[in-house]
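These are the residues of each chain, in order.
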Amino acid sequence: MDTPRKLIIGYDLCEDVTQISCYSYKKQEPITIGQTEEDYSPIPTVLCIKQETKQWLFGEEAKACAAAGEGSRIDSLLDKIITGEEVTIFNQKFNGILLLEKFLRKTLMLVKNYFPTEPITKLVVTVRDTQPVLVEGIYQALSMLGIDKDRAVVMGHAGAYLYYVLSQERSLWLNDVGLFDFSTQGLSYYQISFNRRTKPIVASLSRKDLTEQLSYDMLDSKEIDIEYVFKTLADTLLFKQIISTLYFTGKGFEGGWAEEVIKSLCTGRRAFLGQNLYMKGACYAAKELSGDRMLENYILLNDEMITSSIWIRLYADAKMTEVPLTEAAIPWYEVNKSIEVIAEDEAEIALIIKNIMTREILCEKLVPSHLPERPKRMTRLEINLTCTSSSKAKLTVTDRGFGAFYPETGRVWEFLLEI
């Protein structure tokens, strides 16, 4: 493997297996990192502590150790972060974040085998479930390894898919691009559409959950014609759609049962079937976010991202100015901005909401009621913006008083906004 100008890493971190890649500047594409130089298959997301030596093992070694009865198998690492479950090993408790830190440390050593002296420039972890508690838990585990948010990004599979597609040759995405993802959780369809009338061009992603019509459990049913069900669903979704390329990924497509259906769907289209799309997408995202910009003329939007930027109007430096609280095209769970202001008499908060899809600009005026009575410009307010979903924002205003002269009351006002 070549020595890169930067060490760019992509992780597809799933509950059952993990895939890792590094970007090769020589080959101009992500290269898979395996658990051994001969084995590039996905790494089981499993840990085990060997009883005899108390050594931490991971992946296939961990599975083998546990199967031989020589250690305690630990899996479901991501679920443990979400639920807060702890495990006790040799009288010591480990929560999901500590366990994930162990797993990440072990797997990152595989990268160091190839690049022993290179510091990590950018690392992107993509996961199926982007619950805020899981995303923050992954960030905490990475921080314990010395990889903070300036070098790490956590995104959903939808985001990795966007980066993957837009990193391919242009002929593959002249029109819309579709993806069928058939995992153990069920079948989903993602479609990327382009609005080329805007500058920058907006690449937006929509998702349809088809699990009720075709679930993973149905593969074992002899009473259901899986090929017919899948072809009917796909034909309905793709009817009159102008699509350049279709991708198929997920454990549900293993076994070859869908080959004929895929061939029938690809008349006039390109088609690709594989299990490393999200891993490579994460790696392409890490490269782009490291500063190697190839997509500066595009805004990438998926269903986790907000479509509006939000600004606040303030009086500063003897003039009115607009200060950004958040930009558009950011995952809603990443929005968290705080500023402090000195209130005038009415403490009116003027927000400007700019939607990048509709180009609509809205002005919202919010007034915290019953502020403590103090002289003019003697009330300091902390304003915090977060989001509760991709379409809803929450503005929290907290009275911080004015130093020793006017102690803070701790009063809090909350405003919910449609964005």
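Note: the structure precedes this text.
What you see is a predicted model, and the numbers here were worked out from it, not measured in a lab.

So, how was this worked out
- Residues numbered from 1 in each chain as written.
- Predicted model: local features only at pLDDT ≥ 70, side-chain atom pairs only at ≥ 80, totals over all residues.
- Heavy atoms only, no water.
- Axes fitted to C-alpha atoms, helices over the stretch in contact; angles between N-to-C directions.
- Helix = DSSP H or I, 4+ residues; strand = E, 2+ residues; numbered from the N terminus.
- Parallel < 35°, antiparallel > 145°, perpendicular 65-115°, else oblique.
- Contact = heavy atoms within 4.5 Å.
- Nonpolar A, V, L, I, M, F, W, Y, C, P; charged D, E, K, R; others polar.
- Core = buried A, V, L, I, M, F, W, Y, C linked by side-chain atoms within 4.5 Å.
- Buried < 20%, exposed > 50% of the residue type's maximum accessible area, 1.4 Å probe, protein only.
- Phe/Tyr/Trp six-rings, centres within 6.5 Å; stacked < 30°, edge-to-face > 60°.
- Lys NZ or Arg CZ within 6 Å of the ring centre and 35° of its normal.
- Patch = residues over 30% accessible without salt bridge, like charges linked within 9 Å, V, L, I, M, F, W, Y side chains within 5 Å.
- Areas by Shrake-Rupley, 256 points an atom, 1.4 Å probe, with all protein chains shown as cover.
- Salt bridge = Lys/Arg side-chain N within 4 Å of Asp/Glu carboxyl O.
- Lys, Arg positive; Asp, Glu negative; His and termini not counted.
- Charge placed at Lys NZ, Arg CZ, Asp CG, Glu CD.
- Pairing = 2+ DSSP bridges.

S.K.: Teacher, can you tell me more about the packing of helix H5 (residues 157-166) against helix H8 (residues 277-289) here?
M.R.: Two elements in contact, H5 and H8, have axes whose closest approach is 7 Å; the angle formed by their N-to-C orientations is 70 degrees. Taken together, the axis directions place H5 and H8 in an arrangement best described as roughly perpendicular. When H5 is examined against H8, the residues His 157, Ala 160, Tyr 161, Tyr 163 and Tyr 164 are found in contact with a partner set consisting of Leu 277, Tyr 278, Lys 280, Gly 281, Ala 282, Tyr 284, Ala 285, Glu 288 and Leu 289. A per-class count over the contact of H5 with H8 returns 10 nonpolar, two polar and two charged.

S.K.: What should I look at first to understand the nonpolar core in this one?
M.R.: The nonpolar side chains of a soluble globular protein tend to be buried with one another. Judged by nonpolar contacts, the single largest core of 103 residues is most densely connected at Ile 9, Tyr 161 and Leu 395. Not counting residues up to four positions away in its chain, the partners in contact with Leu 395 are Leu 325, Ile 349, Leu 351, Leu 366, Ile 383, Asn 384, Leu 385, Trp 413, Glu 414 and Phe 415. Counting residues in hydrophobic clusters, the runner-up holds 23 residues, among them Leu 214, Ile 243, Leu 246 and Phe 248.

S.K.: Honestly, the packing of aromatic side chains in this entry has me stumped. Any pointers?
M.R.: Note on aromatic pairs: each is described by the distance of the centres and the angle between the planes. Tallied over the full model, the rule gives 23 aromatic pairs. Counting every residue linked through ring pairs, the aromatic cluster contains Phe 180, Phe 182, Tyr 189, Tyr 216, Phe 230, Phe 248, Phe 253 and Trp 257. Sitting over the ring of Phe 90, Lys 54 keeps its end group 4.8 Å from the ring centre. Sitting above the plane of the Trp 173 ring, Arg 170 keeps its charged end 5.0 Å from the centroid.

S.K.: Please explain a negative patch on the surface as it appears in this structure.
M.R.: A cluster of like negative charges, contributed by Glu 15, Asp 16, Asp 79 and Glu 85, occupies part of the molecular surface. The residue Glu 15 is located in the loop between strand S1 (7-13) and strand S2 (17-24) in this model.

S.K.: Teacher, can you tell me more about the sheet that holds strand S13 (residues 186-195) here?
M.R.: Two pairing modes exist for strands in a sheet, parallel and antiparallel, and in both the strands are linked by backbone hydrogen bonds. As summarised here, the arrangement of the six strands in space is S16-S15-S12-S13-S14-S17, forming an open sheet in which the pairing is mixed. Only two strands of the sheet have a single neighbouring strand rather than two, namely strand S16 (270-273) and strand S17 (298-301). With direction set aside, neighbouring strand axes in the sheet form an average angle of 15 degrees. Pairing of strand S15 (residues 243-249) with S16 involves four bridges; the strand directions are parallel. Of the residues in S16, the one forming a bridge with Tyr 247 is Phe 272. Set on the sheet, H5 makes contact with strand S12 (176-183), S13, strand S14 (201-209), S15 and S17; between it and S13 the angle comes to about 50 degrees. Together, S12, S13 and S15 form the strand contacts of H8, whose direction differs from that of S12 by roughly 125 degrees.

S.K.: Which parts of the structure should I look at to understand the pairing of S1?
M.R.: Each regular strand shows side chains that alternate between the opposite faces of the sheet. Here S1 lies mainly inside the structure; seven of its seven residues are buried. Residues Leu 7, Ile 9, Tyr 11 and Leu 13 of S1 are buried on one face, and the alternating residues Ile 8, Gly 10 and Asp 12, pointing to the opposite face, are buried as well. As judged from the six bridges shared by S1 and strand S10 (residues 120-127), these two strands associate in the parallel manner. Looking across to S10, one finds that Ile 9 is bridged to Leu 123. The pairing of S1 with S2 spans five bridges and is classified as antiparallel. Bridge pairing in S2 places Leu 13 opposite Thr 18.

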